[in-house]
Amino acid sequence: MGREKISVGRTGEDIAFKYLRKRGYGIMHVNYRTPFGEIDAVAKHKGWLVFVEVKTRTSASFGPPSLAVTPIKQRHIIKSAYAFLKMRRLFDIDWRIDVVSVMLNSAGGPQSIELIENAVEDIY
Amino acid sequence: MIAKVYSSCVIGINPTEVVVEADISPGLPAFNIVGLPDTAVKESRDRVKAAIKNSGFSFPLKRITVNMAPAGVKKEGAAFDLPMALAILSCEELLKTDKLDSFTFLGELSLDGKLKPVRGALPVAIGLKNFGRNRLLVPKENAREAAVVKEVEIFSAQSLRDVVDFINGKADLKRELSDPERILSRNSRYRIDFNDVKGQEHVKRGLEVAAAGGHNVLLVGPPGSGKSMLAKRLPTILSEITMDESLETSKIHSVAGLLPPNKGLVGTRPFRAPHHTISDAALVGGGISPMPGEISLAHNGVLFLDELPEFKRNVLEVLRQPLEDGSITISRVSCTLTYPAKFMLVGAMNPCPCGHFTDPKRECHCSPIQIQHYLSKISGPLLDRIDIHLEVPRLKYEDLTDKRRGEFSEKIRERVNKARSLQKERYRSEVMLFNAHLEPREMEKYCGMDRESEELLKLAILELGISARAYDKILKVSRTIADLDGKNTIEAHHISEAISYRSLDRNLWG
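Residues numbered from 1 in each chain as written. Chains lettered and ligands numbered in written order. Predicted model: local features only at pLDDT ≥ 70, side-chain atom pairs only at ≥ 80, totals over all residues.

K.L.:
Outline the sheet that holds strand E1 (residues 26-34) of chain A, supporting the account with residue identities and numerical values.
P.N.:
All names here are of chain A. Spatially, the five strands line up as an open sheet ordered E1-E2-E3-E4-E5, and their pairing is mixed. The open sheet has two free edges, formed respectively by E1 and strand E5 (110-116), since each of these has just one partner strand. Direction aside, the axes of adjacent strands within the sheet are offset by 25 degrees on average. Bridging between strand E4 (residues 95-104) and E5 involves six bridges; their strand directions are antiparallel. From the neighbouring strand, Val100 faces E5, where its bridge partner is Leu115. Each of E1, strand E2 (37-45), strand E3 (48-57) and E4 is contacted by helix H2 (residues 71-88), which is oriented at about 65 degrees to E2, the strand it contacts most. (Pairing = 2+ DSSP bridges. Helix = DSSP H or I, 4+ residues; strand = E, 2+ residues; numbered from the N terminus. Axes fitted to C-alpha atoms, helices over the stretch in contact; angles between N-to-C directions. Contact = placed C-beta atoms within 7 Å.)

Here it is as structure tokens:
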């Protein structure tokens, strides 16, 4: 069961990355590890540095995939992003967090792909 | 990059300058507002964002920090929406700076970018003079109110887009011009008149005396005898509100959100009649974010408390300070506010719980203890501030059907004005204005009686058992009656009339 889940996620990621490249995102890192968690993709898009989180679902019964990016998850992504920026000493650049939401059909192919730009904002 | 936009807010009814600053930095998009915003201001985030987007601009995806200085003053209300939006747009270098710097801005924004009216535009306009600023931009509905301040240029707009185009010189906005005196006189017509009331000549005379000297009144009578009707018409015989008084009162009404759009100034003396279930905060002012209470809304006018014994005792207690000082001070942890509250108090009550104690036609069903309990609800100190008691009897059948009518308010007001000018002249070097405010020491100086009246007063004290407190009141009211009579020295018939206004001392409070 665990292995199935991992492969669903991987399938979703592959689909998402292909989609992003088509949309003009230059993917620089994939599954980048930081002390705070993993960033699915770090990409460049029109001068922005974009941290991408991919969420995949096979059925809609638990809601749209984007809803899986809970506030806790959002905080992790933000922390990971800051860790990345600090390590590269990138202090003064424009960056944001996008979410790609992938719904798989029964054959394992993409049923729908949704890209949400600037999905996570900072509230302090 | 930092941008600054000038705005203003009102603490109590006093305006204070607020500078709205915006800073935009690269980083994870965020939009934060600091400077002690209250909930409405915190919600500005969503309004400003939507308004900017829907006005044809793109909202910057950056770290935006908006500060409202001074940071220690609590900011309330949505009037800062417009300055915030302008500050953000200015940061994005979308605005020319000359008009942006010379104007002060106020306005709530709706999601589609339209400007919505705010409270307190009038006190803000008045305050601008003191801050050395002379141009104000407000939502259209607030223009007339603010324009009575001639020293400030008032412009109005209907949307964020219009304001931006105006600032960048691409479009013009309407400058609101005003003739405050004309507005005042246009707003000074009453729809009611003393002439509306049939009979009750004795009560009308009593109210005339009260109006002339600024004395507080208590009306006692059975239900339906016309107490409310008479009280409501008291403002029509008070002297016309002056421009200064109107500005003061209009400021308070503006802050309370009671100045209707396009009205400009309050032209008639306010008449406030709160229900007896009112809370103390609503009566004198206060609440979590302090607002003026009924007594301040009645400033320069009349506060009518109908069914006086039904008011909660603690609520009546808080009336003491304002009746004494003409103002109310409300203390909070963050600040202390003082609102003006100079008003004439008119109370009305039944003589007993069933209302028919003094009624010759109906029988009273109350026991003496019930009556005692009912009357004792009004505290001594409050009664102490009431100079004139008027019995309002049930209207006789002849009066109801009498075709003849009493005097028009205008006629009565002429006499009241004459008496008031005498007082103004007499007290021009003193701190108080009217006979009602005389202190015992001043009474000696100004209430000279002839020998006949002195004798009469002495007799009254001995025979009727009039207390020292009642004596002072009789003297003050006699002074007013003499003024109405155009006499400098108080004569015996003035005293006897004044004594008649204390009849309730004996009848009810034994």
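That covers the picture; the talk isn't over yet.
K.L.:
Give me the lowdown on the nonpolar core, citing residues and values where you can.
P.N.:
General note: in soluble globular proteins, nonpolar side chains tend to be found buried as a group. Of all hydrophobic cores here, the largest spans 134 residues; its most connected members are B:Ala85, B:Ala87, B:Ala125, B:Ala146, B:Leu219 and B:Val346. Broken down by element, this core gets its largest block of residues, eight residues, from helix H3 (residues 81-91) of chain B. A domain-level breakdown of this core finds at least three residues from each of domain 1 (2-178) and domain 2 (194-437) of chain B. Residues A:Leu20, A:Tyr25, A:Phe84 and A:Ile97 belong to the second largest nonpolar core, which totals 22 residues. (Core = buried A, V, L, I, M, F, W, Y, C linked by C-beta atoms within 7 Å. Buried ≥ 20, exposed ≤ 12 C-beta atoms within 10 Å, placed from the backbone. Domains from an automatic or database assignment.)

K.L.:
So what about the interface of chain A and chain B? Which residues, and what values?
P.N.:
Contact residues are listed per partner, giving 12 residues for chain A and eight residues for chain B. Take the side of chain A that touches chain B: its biggest share by element is three residues, from E4(A). Counted by class, the side of chain A that touches chain B contains six nonpolar, one polar and five charged residues. (Nonpolar A, V, L, I, M, F, W, Y, C, P; charged D, E, K, R; others polar.)

K.L.:
Describe the domain arrangement of chain B, and please don't skip the residues or the numbers.
P.N.:
Residues and elements named next belong to chain B. Considered domain by domain, chain B is made up of domain 1 (2-178) and domain 2 (194-437). Inter-centroid distance (C-alpha atoms) of domain 1 to domain 2 is 40 Å. Each partner contributes residues to the interface: domain 1 has 19 residues there, and domain 2 has 20 residues. Secondary structure elements with two or more residues in the side of domain 1 that touches domain 2: strand E1 (2-11), helix H5 (121-131) and helix H6 (143-147). Counting residues per element, the side of domain 1 that touches domain 2 draws most heavily on H5, at four residues. Tallied by class, the residues present in the side of domain 1 that touches domain 2 amount to nine nonpolar, three polar and seven charged.

K.L.:
Outline the packing of helix H2 (residues 44-53) of chain B against H3(B), supporting the account with residue identities and numerical values.
P.N.:
Residue and element names in this part refer to chain B. Two numbers describe how H2 lies on H3: the axes approach to 10 Å, and their chain directions differ by 55 degrees. By the angle class used here, H2 and H3 are oblique. The two elements H2 and H3 cross, and the hand of that crossing is right-handed. Where H2 approaches H3, its residues Ser44, Arg47, Val48, Ala51 and Ile52 are matched on the opposing element by Asp81, Met84, Ala85, Ile88 and Leu89. Looking at side-chain class alone, the contact of H2 with H3 contains seven nonpolar, one polar and two charged residues. (Parallel < 35°, antiparallel > 145°, perpendicular 65-115°, else oblique. Left-handed = near helix turned anticlockwise from the far one by under 90°.)

K.L.:
Lay out the environment of B:Val18 in plain terms, naming residues and giving numbers.
P.N.:
Residues and elements named next belong to chain B. Within the secondary structure, Val18 sits in strand E2 (residues 14-25). Each C-alpha atom, one on Val18 and one on Val5, is 8.7 Å from the other, the two residues being 13 residues apart in sequence. Apart from residues lying up to four places away in sequence, Val18 is in contact with Ser7, Ser8, Cys9, Met68, Ala69 and Lys75.

K.L.:
Please set out the sheet that holds strand E19 (residues 388-391) of chain B residue by residue, giving values where relevant.
P.N.:
Residue and element names in this part refer to chain B. The sheet built from five strands is open, its strands ordered E12-E15-E18-E11-E19 with parallel pairing. Because the sheet does not close on itself, it has two edges, and the strands there are strand E12 (271-272) and E19. Direction of pairing for strand E15 (residues 301-306) relative to strand E18 (residues 343-349): parallel, over a ladder of six bridges. In the sheet register, Leu305 faces E18, and the bridge partner there is Gly347.

K.L.:
Explain unusual backbone geometry to me, using residue names and the numbers behind them.
P.N.:
Between B:Ala69 and B:Pro70 the backbone carries a cis peptide bond, its omega angle lying at 0 degrees. Tracing the backbone shows B:Pro70 in the loop between strand E4 (63-69) and H3. A positive phi is found at A:Lys46, a non-glycine position, where the angle reads about 50 degrees. Within the element layout of this structure, A:Lys46 appears in the loop between E2 and E3.

K.L.:
Residues and numbers for the pairing of E3(A), please.
P.N.:
All names here are of chain A. Counting buried positions over the 10 residues of E3 gives eight, a clear majority of the element. Here E2 runs beside E3; their pairing, made up of five bridges, is antiparallel. The partner of Lys44 across the bridge, within E3, is Leu49. The turn linking E2 back onto E3 is made up of two residues, and Lys46 within it adopts a positive phi angle of 50 degrees. Pairing of E3 with E4, which is carried by nine bridges, proceeds in the parallel orientation. Its bridge partner being in E4, Arg57 is matched across the sheet by Met103.

K.L.:
Can you explain the packing of helix H19 (residues 409-426) of chain B against helix H22 (residues 468-484) of chain B? Please cite residues and give values.
P.N.:
All names here are of chain B. Two numbers describe how H19 lies on H22: the axes approach to 8 Å, and their chain directions differ by 115 degrees. The pairing of H19 with H22 is recorded here as roughly perpendicular in orientation. Considering only the axes of H19 and H22, their crossing is right-handed. Across from Arg415, Ala419, Leu422 and Gln423 in H19, the residues of H22 making contact are Thr480, Asp483 and Leu484. Classifying every residue of the contact of H19 with H22 gives three nonpolar, two polar and two charged.

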